[in-house]
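Coordinate analysis (summary)
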Amino acid sequence: MADLIWRRILLKLSGEALMGAGDYGIDPVVLTRLAAEVRDLAQAGLEVGLVIGGGNIFRGAGLAAGGIDRVTGDHMGMLATVINALAIQDALERLGVAVRVMSALKVNQVCEDYIRRRAVRHLEKGRVVVFAAGTGNPFFTTDSAASLRAVEIGADVLIKATKVNGVYSDDPVTNPDAKFYRRLDYDQALREGLAVMDATAIVLCRDHGMPIRIMNINDSGALMRLMRGEDVGSLVEKRG
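Below or above, wherever it landed, is the structure these notes cover. (Residues numbered from 1 in each chain as written. Predicted model: local features only at pLDDT ≥ 70, side-chain atom pairs only at ≥ 80, totals over all residues. Heavy atoms only, no water.)

With respect to the packing of helix α1 (residues 28-43) against helix α3 (residues 70-94)
One way to put it is that α1 packs onto α3 with a least axis distance of 9 Å and a crossing angle of 65°. The way α1 lies across α3 gives a crossing that is right-handed. Side by side, α1 and α3 meet where L31, T32, A35, V38 and R39 of the first sit next to A87, I88, A91, L92 and R94 of the second. (Axes fitted to C-alpha atoms, helices over the stretch in contact; angles between N-to-C directions. Helix = DSSP H or I, 4+ residues; strand = E, 2+ residues; numbered from the N terminus. Left-handed = near helix turned anticlockwise from the far one by under 90°. Contact = heavy atoms within 4.5 Å.)

Here you go:
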């Protein structure tokens, strides 16, 4: 662990990252690849917390726009994150990694209830901890859940793994002239409406001095390079 720059991280994965080239669900090949990246971090001695979204299965806000009750839709979205958490748990265990899923909703026939002190103890024992069901409350995204858990467990950094290389002024897929931000501060991200995380998540990180690193999860090996100090992706932190 001597060459790693952090001791404990919170990794946020979107549910869409599990889809691969598909339009829905979980691609087993992608799931195994992502699990192998997390395994390498754990085997290197890093304490890893993980939050996975549920957008590959269900989006509460999207269905709410179609008329379903928003609270009901958000609860359905939370359950989708539990499905993804159980999938990544299985993939990690098949690779020999000790892992615990902890849910903010009470579904303790399939995983543990989230208790902060127990989560920290799991991390200290070298177990990967997957935080499921968001914050357990409607109207909060999994970005906000990731920020909250990162602060609660005392992570050194919050890493949001996306499908792009970092933070841009616009969608780089549709706008090749979009500006890439290597460094920016929280207020700039909020002021300019940059697609870092939702505003609640950014404000929580800002108020607790939690640095946010945005990177491309499809860049194989980038996570480990980042852990060893390489300047990967974009960094959001307090400046000046």
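Digging into the pattern of salt bridges
Counting across every chain of the model gives 19 salt bridges. Residues R149 and E152 are paired through a salt bridge, measuring 2.7 Å at the closest nitrogen-oxygen approach. Of this pair, R149 and E152 both sit in helix α5 (residues 142-152), three residues apart, which is roughly one turn of that helix. The exposure class assigned to R149 is buried, which follows from its relative accessible area of 4%. Of the charged contacts, one joins D187 and R206 as a salt bridge, the two residues approaching to 2.9 Å between their closest N and O atoms. Linking D187 in helix α6 (residues 186-191) with R206 in helix α7 (residues 199-207), this pair joins segments that are 19 residues apart in sequence. For D187, a relative accessible area of 38% corresponds to the partly exposed category. A network of salt bridges, in which partner residues are shared, links R7, R8 and E47. (Salt bridge = Lys/Arg side-chain N within 4 Å of Asp/Glu carboxyl O. Buried < 20%, exposed > 50% of the residue type's maximum accessible area, 1.4 Å probe, protein only.)

Considering the nonpolar core
Among the nonpolar cores identified, the biggest contains 44 residues, and I9, V128, I159 and M227 are the most heavily contacted of them. When residues of this core are traced back to their parent elements, those giving at least two are β1 (8-13), α1, β2 (47-52), α3, β3 (99-103), β5 (128-132), β6 (157-162) and α8 (222-227). Among residues more than four places away in sequence, those in contact with V128 are V38, A42, V48, L92, V97, A98, V99 and R100. Counting residues in hydrophobic clusters, the runner-up holds 29 residues, among them V167, A201, M210 and I214. (Core = buried A, V, L, I, M, F, W, Y, C linked by side-chain atoms within 4.5 Å.)

A word on the pairing of β5
Burial runs high along β5: five of the five residues are buried. Of the two faces of β5, the one holding V128, V130 and A132 and the one holding V129 and F131 are both buried throughout. With three bridges connecting them, β2 and β5 associate as parallel partners. Bridge assignment links L50 to a residue of β5, and that residue is V130. (Pairing = 2+ DSSP bridges.)

Details of the side chain of Q89
With respect to the helices, strands and loops of the structure, Q89 is situated in helix α3. Judged by relative accessible area, which is 16%, Q89 ranks as buried. Leaving out residues up to four positions away in the same chain, Q89 has contacts with V99, R100 and V101.

Things to note about the sheet that holds strand β10 (residues 212-216)
The sheet built from nine strands is open, its strands ordered β4-β3-β5-β2-β1-β6-β10-β11-β9 with mixed pairing. Strands at the two margins of the open sheet, each flanked by one partner only, are β4 (112-113) and β9 (183-184). Of the strand pairs in this sheet, β6 and β10 are connected by five bridges, and their pairing is parallel. Among the inter-strand pairings, K160 is bridged to a residue of β10, identified as I214. Strands in contact with α3 are β2, β3 and β5; relative to β3, the strand with the most contacts, it is inclined by about 170°.

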